[in-house]
Amino acid sequence: MRDFSRRDLESIFKLADRLENVAKGRTKNRALEGKMLATLFFEPSTRTRISFESAMQRLGGGVIGLGSVEASSLAKGETFEDTIRVVENYADVLVIRHSKNGAAEQAAEIAAVPVINGGDGTNEHPTQAILDLYTMRREKGKIDGLKIVFLGDCKHARSFKSLALGLTNFKVRVTFASPLGLEMNDSIVHELQTRGLTVEQTNNVESAIGDADVLRVVRVMKERFSDPAEYERLRGSYTVDLQLLSKCKKNMIVLHGLPRLDELAKEVDDSPHAAYFRQVFYGLCTRMALLRLILRTK
Ligand code: CP
C-alpha cells in the first residue's frame, strides 16, 4: 500500500464507479479483450481469486490458473522462481497469494509482466485494503473525518496492515482493538503516527466503538499460530453481535474481509450496520479498475 498515493486511490475509485454496471453484467465492456490474467494462489482463497477471475472476464479478458499446488509441478519440486519464470510467458498480469512475506515482491523482481499482491504471509493484502477504502467511500460518502475501529487479530491480519497504511492518505482517526497478545506491530503503529495518522490501541472493544463510524472486523488467524493451544485460548475472545452493536452509532457500518468464524454473529447480517456482503461486490469493481489501470486500457 506504500506504493499508492491519494490520487492513485481516487483514480481507482472513480473508475470502479464507472464500471459498476459492467460488474453487474448490465453493460458489456471488452476493454481487456486479448489480455490474459494468471492466478497463482499458494494459499486458499475464495474472494480474492474468484473476484479477480470475474473482473478479468467481465472486461473481456482471459484467465489461467495454477490450480492447486498439488496439481502443479510444484509438487514435483519445481521452485517458486522457476514457476514465475514459466507462467510470465503465458499471461499479461499475475496475481499471487503466498504464505511467505515478500513473495509477491520477489515475483515482481523476477517477472517482466506486472504482479498484483493477493496477500503475502502476515505482510500485506493491498487489494483488500483498496476495496475496504472504496466501501467506506461508497457507504459513508467520504473517508476524511471518519473514526475507524479495527477489531480482532491485529498482529497477524495482513489486510489490517494494508488498510491502515492506505488510511494514511486520509484525515481519519484509527483505533486498534485486539485481545491481549494480538496487538498491532509497534513498528507499523510508529510508521502510521509518523505519517500523521491519529492512532489509539486498546484491549477493550466497548470503550472504542461508541463514536466509531466504521468497525472493521477480522477473525483470529488460525493459520498463523505455531501453537494450537494459543489459538484455542484466543478464539472466541471477541464477538460482534447485536448486543455489542446496540452501543454503537446508528449509522456505524460493520466491514469484514471474510471468511468469518465466530467473531461476527450471523444475527448481524440483517442489521442496518452490516455492509460486508456489499463490500464483496465493491471488491469486484475495484479489481476491475485495477486491472484496467495496470494493463493501461481506456
Ligand atoms: N478477504 C479475502 O482475502 O478472502 P479470501 O481469502 O477468500 O480471498
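Note that residues are indexed from 1 along each chain, following the sequence as it is written. Predicted model: local features are reported for residues with pLDDT of at least 70 only, side-chain atom pairs are reported and counted for 80 or more only, and whole-chain, interface and lining totals are derived from all residues. Side-chain descriptors were evaluated using all non-hydrogen atoms of the structure, hydrogens and water having been removed beforehand.

Draft legend 1. Inspection of helix α12 (residues 276-294) at higher detail. Counted at 1.5 Å a residue, the expected span for α12 with its 19 residues is 27 Å, and the 26 Å between its end C-alpha atoms agrees. Secondary structure is summarised from DSSP: a helix means a run of H or I of at least four residues, a strand means a run of E of at least two, and numbering begins at the N terminus for each. After α12 finishes, the residue Arg296 shows a positive phi value of roughly 50 degrees. One fewer than the residue count of a helix, multiplied by 1.5 Å, yields its expected span.

Draft legend 2. Local environment of the site of the ligand. A cutoff of 4 Å decides nearness: a residue is near a molecule or strand if any of its heavy atoms lies inside that distance of it. In the vicinity of the ligand, the contacting residues are Ser45, Thr46, Arg47, Thr48, Arg97, His125, Gln128, Gly257 and Leu258. Polar contact is the term for a pair of N or O atoms within 3.5 Å; when the atoms are in protein, one must be able to donate a hydrogen and the other to accept it, and sequence-neighboring residues count only if both atoms are side-chain atoms. One nitrogen or oxygen atom from the side chain of His125 is found 2.8 Å from an oxygen atom belonging to the ligand. In the environment of the ligand, a nitrogen atom lies 3.1 Å from a nitrogen or oxygen atom belonging to the backbone of Leu258. Values of accessible area rely on a 1.4 Å probe in the Shrake-Rupley scheme; residue burial ignores everything except the protein chains shown. Out of a free accessible area of 260 Å², the ligand has 89% covered by protein chains. Here a cavity means grid points, on a 1 Å grid over the protein atoms only, where a 1.4 Å probe fits yet cannot get out; a pocket means an open set of points with protein on both sides within 12 Å along at least five of seven lines; lining residues are those with an atom within 4 Å of a point. For this analysis, a molecule is said to be in a pocket or cavity if more than half of its atoms are within 2 Å of the grid points defining it. Judged by its atoms lying within 2 Å of the grid points, the ligand is housed in the second largest pocket.

Draft legend 3. Quick peek at unusual backbone geometry. Omega for the bond connecting Leu258 with Pro259 falls within 30 degrees of zero, at 5 degrees, which places this linkage in the cis form. Topologically, Pro259 is positioned in the loop between β9 (253-256) and α12. Despite not being glycine, Leu258 shows a phi value in the positive range, around 60 degrees. Tracing the chain through its elements places Leu258 in the loop between β9 and α12. With a 1.4 Å probe rolled over the protein chains alone, any residue whose accessible area is under 20% of its type maximum counts as buried; one over 50% counts as exposed, and the rest are partly exposed. The class of Leu258 is buried, set by a relative accessible area of 13%.

Draft legend 4. Representation of the packing of aromatic side chains within the structure. Aromatic pairs are defined between Phe, Tyr and Trp rings, using the six-membered ring for Trp, whenever the two ring centres lie within 6.5 Å; interplanar angles under 30 degrees are classed as stacked, those over 60 as edge-to-face, and all others as tilted. Taken as a whole and assessed by the stated rule, the structure comprises 8 aromatic pairs. The interplanar angle of 85 degrees and the centroid separation of 4.9 Å between the aromatic rings of Phe150 and Phe160 together place this pair among those described as edge-to-face. Taken as a pair, Phe150 in strand β5 (residues 147-151) and Phe160 in helix α7 (residues 158-167) lie far apart in primary sequence, 10 residues in all. Residue Phe160 is classed as buried on the basis of its relative accessible area, which comes to 0%. Ring plane angle 65 degrees and centroid distance 5.7 Å describe the contact between Phe225 and Tyr231, whose orientation is recorded as edge-to-face. The rings of Phe13, Tyr134, Phe281 and Tyr282 are connected pair by pair, giving a single aromatic cluster.

Draft legend 5. Main features of the nonpolar core. Take the buried Ala, Val, Leu, Ile, Met, Phe, Trp, Tyr and Cys residues and link them wherever side-chain atoms come within 4.5 Å; each set so joined is a nonpolar core. Residues Leu133, Met136, Phe150, Leu167, Val172, Phe176 and Leu291 are the most contacted members of the largest nonpolar core, which totals 59 residues. Top element by residues in this core is α12. It accounts for 7 residues. Any two residues whose heavy atoms approach within 4.5 Å at even a single point are treated as in contact. Setting aside chain neighbours within four positions, we find Leu133 in contact with Met1, Leu9, Phe13, Ile143, Leu163, Gly166, Leu167 and Phe170. Within the second largest apolar cluster, 26 residues are counted, among which are Ala212, Val217, Leu234 and Cys248.

Draft legend 6. Representation of the layout of surface pockets. Grid points are joined across faces, edges and corners, and a volume is the space filled by probe spheres set on the points. In this model, the largest pocket occupies a volume close to 680 Å³. Around the largest pocket, the lining comprises 24 residues; the ones closest to its centre are Asp3, Phe4, Val115, Asn117 and Pro126. If you list the elements that add at least two residues to the lining of the largest pocket, you get α1 (6-18), α5 (103-110), β4 (115-120), α6 (126-140) and α12. All amino acids are sorted into three groups, where Ala, Val, Leu, Ile, Met, Phe, Trp, Tyr, Cys and Pro are nonpolar, Asp, Glu, Lys and Arg are charged, and the leftover types, Gly among them, are polar. The residue makeup of the lining of the largest pocket, split by class, is 13 nonpolar, 5 polar and 6 charged. Taken as a whole, the second largest pocket encloses approximately 430 Å³ of empty space. In terms of lining residues, the second largest pocket is bounded by 21 residues, among which Arg97, Arg158, Arg219, Leu258 and Pro259 are the most central. Looking at the lining of the second largest pocket, the elements with two or more residues in it are α3 (47-58) and α7.

These results come straight from atomic positions and should not be treated as a statement about function.
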